[in-house]
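Residue strings, one per chain:
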Amino acid sequence: MANSLVSIQILPKTNKNDNVIPYVDQAISIIDASGIKYEVHPLETTLEGNLSEIFSVIEQMNQKMIDMGCSNVISQIKVLYQPSGASMDQLTEKYRT
């Protein structure tokens, strides 16, 4: 059972002020390959799963940005840790049509 929801906005600093969308796409591909449930939103991506596994994925995302030539990365993260269980669907079901 998932015990956490983590929203992340990754902000890579490119050396030439390149368009960051290809970098963000690479970060999302790391989330996708992890098998962790996630939803992409306009300003952030939300992951649902075990907190330690999610943090491991975030570490991989940040390292990928450096491997791609970024000088640094800012990751803005919001965490809901709820050992009894955490679900995106449960928190947003009343807003879905």
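Everything here concerns the structure above.
Residues numbered from 1 in each chain as written. Predicted model: local features only at pLDDT ≥ 70, side-chain atom pairs only at ≥ 80, totals over all residues. Heavy atoms only, no water.

Examining helix H1 (residues 21–34)
No. 1: Spanning 14 residues, H1 covers 20 Å between terminal C-alpha atoms, matching the ideal 20 Å at 1.5 Å per step.
No. 2: Of the residues making up H1, those classed as buried are Tyr-23, Ala-27, Ile-28, Ile-30 and Ile-31. Burial along H1 is one-sided: seen end-on, the buried residues are contained in an arc of 145 degrees.
No. 3: Gly-35, located one to two residues past H1, shows a positive phi value of around 85 degrees. (Helix = DSSP H or I, 4+ residues; strand = E, 2+ residues; numbered from the N terminus. Expected span 1.5 Å × (residues − 1). Buried < 20%, exposed > 50% of the residue type's maximum accessible area, 1.4 Å probe, protein only. Arc of directions from axis to C-beta.)

Remarks on the sheet that holds strand S2 (residues 37–40)
No. 1: The strand order across the open sheet formed by 4 strands is S2-S3-S1-S4, and the pairing between neighbours is antiparallel. At either margin of the open sheet sits one strand with a lone partner, and together these are S2 and strand S4 (72–81). Taking each pair of neighbouring strands and ignoring which way they run, the sheet shows an average axis angle of 20 degrees.
No. 2: Looking at chain direction, strand S1 (residues 4–13) and strand S3 (residues 45–49) are connected through 5 bridges and run antiparallel. Of the residues in S3, the one forming a bridge with Ile-8 is Thr-45.
No. 3: Against the sheet, H1 contacts S1, S2 and S3, and its axis sits at roughly 155 degrees relative to S2.
No. 4: Its contacts with the sheet put helix H2 (residues 51–67) on S1, S3 and S4, and the angle it makes with S1 is roughly 10 degrees. (Pairing = 2+ DSSP bridges. Axes fitted to C-alpha atoms, helices over the stretch in contact; angles between N-to-C directions. Contact = heavy atoms within 4.5 Å.)

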